[in-house]
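Coordinate analysis (summary)
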Amino acid sequence: MVALDRLVDVLGSLGTHLACAPKGRDAELRGVALHDPAENVPAAAGDVLLGLGTPSVAAAVRLVSSTAASAVVLHGKPPLDERVVAAAKKSGAAVLLVDPSVPWSQLANVTQTLVNGGTRTGDLFGLADVIAGVVGGPVTIEDQQSRVLAYSYRQEDVDPVRVQTILGRRVPEEARRALDEFGVFTHLASSDEPIFVPKLTPQLGNRLVAAVRAGRELLGSVWVEVTGPVDAARSAALVDGARTAALHLLRSRASTDLERQAEADLVIRLLEHPESADVARLGLPSADLRVIAVQAHAGEGEHGAAVLAFQRATAGFGWSRPGRSALFGNVLYTVIPAADDAVGWVRSLVRELPAEATVLAGIGGPAEATQLPTSRQEADECLALSTGAPVVYDDAWAQVLLHRLAAVAEAGRLPTRGPISNILRYDAEYGTQYATTLRAWLAAQGDVRTAARELNVHPNTLRYRMQKMTEVTPLPLDDPAQRLAMAIALQITR
């Protein structure tokens, strides 16, 4: 079972548009039905009805007006014809329009996986074996970033690039540049026809490559190592294999979306109401955890990089991943065991994002599961201090404290009169540097020579400034409590 809103989100990547929803986007979907014009098999309430065999507006009107299904999927471009809108209002069915280039088989696979909660993603490795046997050569199936998703069993006598690709789970950068210069990726972006790639480098042998596509969206590619150009029959077999791979990847994405959403819900509950959260369901220990907060920005999109970071953080489901994540607004929160390398985790995430992305990260202190809201607050405060490298609360707690006090000062809750306020006003009016001088003197614990070196002035100059300051305002430098208060005030007004 899944909400209509979730179905729309998942199918949106296939060019799906929610044309109307008379009963709202939170309608619950429980099953999938196929419309067969030759057999009048009615759909049930809660079904998603795939409208095969509706070639005209009149046929769509008849189908939508008479169905008990909660949603009807039709091929077509928005806007939806007003007659179909009227039919939808009559029956209460939501209507989704899908790009006509998307095959019904792909829609059926994704919708069934999502609505029925299936988690079987298909055996991509088995498919790679089948393609290798038919086309005649070792196979890898890769995603859009040239990361290996599966490979065929037999990989004997392959070239060095194929070995590095499988061992490193990604095409080596030098080989990827050569393929890009040859135009392989440009071809895959626009064509479903296989492309033969000759030996481009001493380590990179011949390849036959085909795009894995869903509608107009490129999902990945299939690569076959060959000895030379192949005949039409083997090329056609590769195209068939790529289409089958698209079904596997779409089903995998639908299942992953369900798991990702379930994980995010549990993580948010853990960060906001830990007393009611089940840590065991996330595969995490109940103690020695910490929270990582990440913001990612790239280009003009407000949340695009953040969503991509969330997808990368939750990629490859299975409890071998060190953390559990949720996207809250434009911040990615990840709960990770404190014993793991949190900074290393952030750096590995950065490597998965586009080179132009700006990534800021804050890492909260260790906490029990019930204390994770505190670790989250620390992570947020460290995130606010980040200018590039991850900021870790364990090392930056002093800056966090001063940041909190600065926030208190901005709210007008600190004294506005006293030695520091008087000195700051005098500096602003006369252009003196008394506040900077006093800050250096306090940091050096009264050592005039050390403070003078820090300011790059003669010790006598520093002594003169200290004397002149006493003419501006009383300076109780002999009182430890007053010295501490002045040092804090100078830090938070820096």
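Calculation rules
Residues numbered from 1 in each chain as written. Predicted model: local features only at pLDDT ≥ 70, side-chain atom pairs only at ≥ 80, totals over all residues. Heavy atoms only, no water. Helix = DSSP H or I, 4+ residues; strand = E, 2+ residues; numbered from the N terminus. Rg over C-alpha atoms; globule rule 2.2 N^0.38 Å. Buried < 20%, exposed > 50% of the residue type's maximum accessible area, 1.4 Å probe, protein only. Contact = heavy atoms within 4.5 Å. Areas by Shrake-Rupley, 256 points an atom, 1.4 Å probe, with all protein chains shown as cover. UniProt positions renumbered as here; feature names shortened; annotations may be inferred. Pairing = 2+ DSSP bridges. Axes fitted to C-alpha atoms, helices over the stretch in contact; angles between N-to-C directions. Core = buried A, V, L, I, M, F, W, Y, C linked by side-chain atoms within 4.5 Å. Domains from an automatic or database assignment.

Here's the deal with the overall build of the protein chain
- Of the regular secondary structure elements, the protein chain holds 18 helices and 17 strands.
- Its C-alpha atoms give the protein chain a radius of gyration of 31 Å, more than 25% over the compact-globule value 23 Å for 494 residues.
- By its C-alpha atoms, the protein chain is 100 × 65 × 45 Å across when sized along the principal axes.
- Within the span of the protein chain, comprising 494 residues, buried residues form 47% of the whole.
- Pairs at least 24 apart in sequence give 59% of the contacts found in the protein chain among residues at least 6 apart.
- By element, 51% of the accessible surface of the protein chain is carried by carbon and sulfur atoms, the whole surface being about 24600 Å².

Concerning the UniProt feature "domain: PucR C-terminal helix-turn-helix" (unreviewed entry) in the protein chain
- Within this structure's numbering, the places UniProt gives as "domain: PucR C-terminal helix-turn-helix" (unreviewed entry) are residues 435-492.
- For residues 435-492, helix accounts for 76% and strand for 0%, while the C-alpha atoms at its two ends are 12 Å apart.

Quick notes on the sheet that holds strand E2 (residues 16-20)
- The five strands lie next to each other as E2-E7-E6-E5-E4, forming an open sheet whose pairing is mixed. The strands lining the two open edges of the sheet, one partner per strand, are E2 and strand E4 (31-34). Averaged over all adjacent pairs, the angle separating strand axes in this sheet is 25°, with direction ignored.
- Summarising the sheet, strand E6 (residues 71-75) and strand E7 (residues 94-98) pair through five bridges and their orientation is parallel. Residue Ala 71 lies in a different strand from E7, and its bridge partner there is Ala 94.

Considerations on the sheet that holds strand E9 (residues 148-151)
- Spatially, E9-E8-E12-E11-E10 is the arrangement adopted by the five strands of the open sheet, whose pairing is antiparallel. Unpaired on one side and paired on the other, E9 and strand E10 (195-197) mark the two borders of the sheet. Going across the sheet, the axis of each strand differs from the next one's by a mean of 25°, ignoring polarity.
- The pairing of strand E11 (residues 207-214) with strand E12 (residues 217-225) spans eight bridges and is antiparallel. Residue pairing across strands places Ala 211 opposite Ser 221, the latter belonging to E12.

Observations concerning the environment of Leu 238
- Position of Leu 238 relative to the elements: it lies in helix H9 (residues 232-272).
- A C-alpha to C-alpha distance of 77 Å links Leu 238 and Thr 432, two positions 194 residues apart in sequence.

Brief notes about the nonpolar core
- With 48 residues, the main nonpolar core has Leu 4 and Leu 96 as its most contacted residues.
- The greatest single-element share of this core, amounting to seven residues, is contributed by H9.
- Taken domain by domain, the makeup of this core includes at least three residues from each of domain 1 (2-118) and domain 2 (124-251).

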